[in-house]
2 protein chains.
Amino acid sequence: MKFVCKKKNLSDGLVIATKVISGGNTLPILNNILLKTDKGRLKISSTNLELAINTWVGGKIEEEGEITVPARLANDHINNLLADKLEISTEKQTLFVKGENAETHIKGLPAEEFPLIPEIGDALLAKIEGKELQRAIGEVGFAAAFSETQPEISGVLFNFEGKTLTLAATDRYRLAEAKVNLAEAAAASKQIIIPARAVNEISRSLGSGPVEVYLKEGQVCFRNLDTELISRLIEGQYPDYKQIIPQNYTTQAEIERVLFIQSLKAASVFATENYNIELELTPQTKHVVMKSQSAQAGDSEIHIPAEVSGQKNSIIFNYRYLLDCLNNLSDEKISLRMISPASPAAIVPAKREDFLYIVMPIKI
Amino acid sequence: MKFVCKKKNLSDGLVIATKVISGGNTLPILNNILLKTDKGRLKISSTNLELAINTWVGGKIEEEGEITVPARLANDHINNLLADKLEISTEKQTLFVKGENAETHIKGLPAEEFPLIPEIGDALLAKIEGKELQRAIGEVGFAAAFSETQPEISGVLFNFEGKTLTLAATDRYRLAEAKVNLAEAAAASKQIIIPARAVNEISRSLGSGPVEVYLKEGQVCFRNLDTELISRLIEGQYPDYKQIIPQNYTTQAEIERVLFIQSLKAASVFATENYNIELELTPQTKHVVMKSQSAQAGDSEIHIPAEVSGQKNSIIFNYRYLLDCLNNLSDEKISLRMISPASPAAIVPAKREDFLYIVMPIKI
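Everything numeric here is computed off the predicted structure, so don't read it as measured data.

Participant: Would you take a moment to explain the sheet that holds strand 16 (residues 219–223) of chain A for this structure?
Facilitator: Note: strands within a sheet are paired through backbone hydrogen bonds, in either parallel or antiparallel orientation. All names here are of chain A. One open sheet holds the eight strands; their spatial order is 6-2-3-4-17-16-15-10, and the pairing between them is antiparallel. A strand with exactly one partner marks an edge of an open sheet, and here the two such strands are strand 6 (66–70) and strand 10 (124–129). When the angles between neighbouring strand axes are averaged without regard to direction, this sheet yields 20°. One ladder, built from five bridges, connects strand 2 (residues 32–38) with strand 3 (residues 41–47); its direction is antiparallel. Looking across to strand 3, one finds that K36 is bridged to K43. Sheet contacts for helix 4 (residues 196–206): strand 4 (51–58), strand 15 (210–216), strand 16 and strand 17 (227–232); angle to strand 17, the most-contacted strand, approximately 175°.

Participant: Looking at this structure, I do not really get the interface of chain A and chain B. What am I missing?
Facilitator: Many descriptions give the size of an interface as the accessible area lost when the pieces come together. Taken together, the contacts link 34 residues of chain A with 34 residues of chain B. Between chain A and chain B the total buried area reaches about 2600 Å² when both faces are included, carbon and sulfur atoms providing 56% of it. Our count for the chain A to chain B interface comes out at 16 residue pairs in polar contact (both at pLDDT 80 or more). Every element with two or more residues in the side of chain A that touches chain B is listed here: helix 2 (71–79), strand 9 (102–107), helix 5 (257–268) and strand 21 (298–310) of chain A. Take the side of chain A that touches chain B: its biggest share by element is eight residues, from strand 21 of chain A. When its residues are assigned to classes, the side of chain A that touches chain B shows 15 nonpolar, 12 polar and seven charged. In the sheet, strand 21 of chain A pairs with strand 9 (residues 102–107) of chain B via five bridges, with the strands oriented antiparallel.

Participant: What is the right way to look at the confidence of the model for chain A in this model?
Facilitator: Detailed reading of predicted coordinates is not advised where the pLDDT is low. Summarising the model, chain A shows a mean pLDDT of 96, and 100% of its residues fall at 70 or more. For this predicted complex, the interface confidence score (ipTM) comes to 0.91, while the overall pTM stands at 0.93.

Participant: Would you take a moment to explain the side chain of B:T18 for this structure?
Facilitator: Residue and element names in this part refer to chain B. Position of T18 relative to the elements: it lies in helix 1 (residues 7–18). In this structure T18 comes out as buried when scored by relative accessible area, which is 7%. When near neighbours in sequence (up to four residues on either side) are disregarded, T18 contacts A71, R72 and N75.

Rules and cut-offs
Residues numbered from 1 in each chain as written. Chains lettered and ligands numbered in written order. Predicted model: local features only at pLDDT ≥ 70, side-chain atom pairs only at ≥ 80, totals over all residues. Heavy atoms only, no water. Pairing = 2+ DSSP bridges. Helix = DSSP H or I, 4+ residues; strand = E, 2+ residues; numbered from the N terminus. Axes fitted to C-alpha atoms, helices over the stretch in contact; angles between N-to-C directions. Contact = heavy atoms within 4.5 Å. Buried area = accessible area lost by both parts, 1.4 Å probe. Polar contact = N/O pair within 3.5 Å; in protein donor to acceptor, adjacent residues only side chain to side chain. Nonpolar A, V, L, I, M, F, W, Y, C, P; charged D, E, K, R; others polar. pLDDT = per-residue confidence, 0-100. Buried < 20%, exposed > 50% of the residue type's maximum accessible area, 1.4 Å probe, protein only.

See below:
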């Protein structure tokens, strides 16, 4: 192999490919990336056996070939070279890197040892605006469960139907759902479950441009111009979460998101043992009352400015479930909606309809 | 006690006082801060028995008094309150905090249980520009040893002599020395050794305004308008480090600091086992050659743009000792000076004389 390119382009590709590698794998080849000339570009591949990344770097191929080298080492080294242009080439199992100011030899492993990354083909399922995909993943990704026993809810549901993609994640104590409008209807109605870790990686790696989605036999591929992420799917049926979403609420409070977060943090110092904080909503008042107490440490009562309407009501939450949601939104105001101390409550943005968070109260 | 003040002022004081408390002390009182009315202001005190902080908050005293409360809890809570003004008061061992939107009770411990913080008195040793003190501490603090067996070098030497304060720190493999000009001569010539952790805290807490230094029986106090830090001194004689500073060098290279750092990072990926990197300085060339190699991983040779003069020479360093120094400077260019592969080498800023770093080579 012999390939010449701008150092910056190679660096950018290495950064993307290295993200998926956790390091310290006992099987050395899994700590490596595969470099391979591919239709006029250099393809960099990495995999953790659940999620694989292929990313392509533009440049000039002088000789076709392939090799694998340790991902972190190559990334840390090449990123810090002073060169503008680099020539990379192979001699047996060694990668040569040459720049204006540097010459490097990185010992690698044969490309044949690298795990096979599934080929996905060209059956397009849908096109998504990358920025919207990132927004929706950010709004739901945190809510998935870390569950070995219930693999379905350790993933994020992607529901393609007509011109709408709905993402949902739950750990049975709370549920986050975000909707994305598609410019064109999806090629088919499909419900797939993608591991939560892979979903967060997709968001980080694909940027804000258009993203295409492809499906094939237990695998999904998200692709932009230079990069594709291929994840295995989680088998099984996603829980029918729609049934727990209340149809009507009796009490509502509109609150500035940042003030809500700040007050939760203040109240939380007295809720270190049980995570419980109590909210009291009294109509026509200009605030929500937030109470927390600890037998050992003390107690606090905070009045958060708010517009409260509906019936008088109160509810107890695990404050971390509220913070998780509020920290992942960017809206100025949110609306807190509830029915009774024992019923699920909702958080929705005050000015848009494409996100919903359901959180179970603590019953005492 | 009853005290009224701006929330921001109280928050700022709590942040400063809380820094010194590591948390999780088995003696609960050491996790607490002492709040005490003091000559028209509120004094907040904290101590880890090595370093103590007193910081004063302006406001209105309505009733004198004192109490101790958990430092982190009080800090995290009060920082996040929405109030502009706060009233704090005590009832038995409980601190009441009242703001426009909040009322809090924090359970405390009696002020009498709080450790005595030494009184330092008013025998001024020297006045220092805070900004210069921060600069000098940043440039030497990292070089002190983590040594239980050699307590003297686990501290930073402060040498007051005439109009010069000299700071020095060493772990016997490297030495950092920084000088600070004093506007007025010190009241006496004094050499004191301050624990490195305390020194770094002084730098963080006192800001860039004028700082006064007071000495008394095994204690030193650094004081600005609102805050003082009182540290115990380390007993013993600081090593006579001047003798290892070379008087003349035979080879010199002037290098851009950022390029030097970047190249060290690139080279370091091949020096993970022994930390060795080799530098070759050849006069009249326009670069320093940096070599690193690993039997397992590979090798690299990097040419760092530089002005080299004097004799041809080469030397092997532990790259982490170079990075420690370079990362703590802010100069655009530095000068690397050496005598032979077996002699200590020096790093000095290209354009100022008030900092010197001596690093021992690795002899192979």
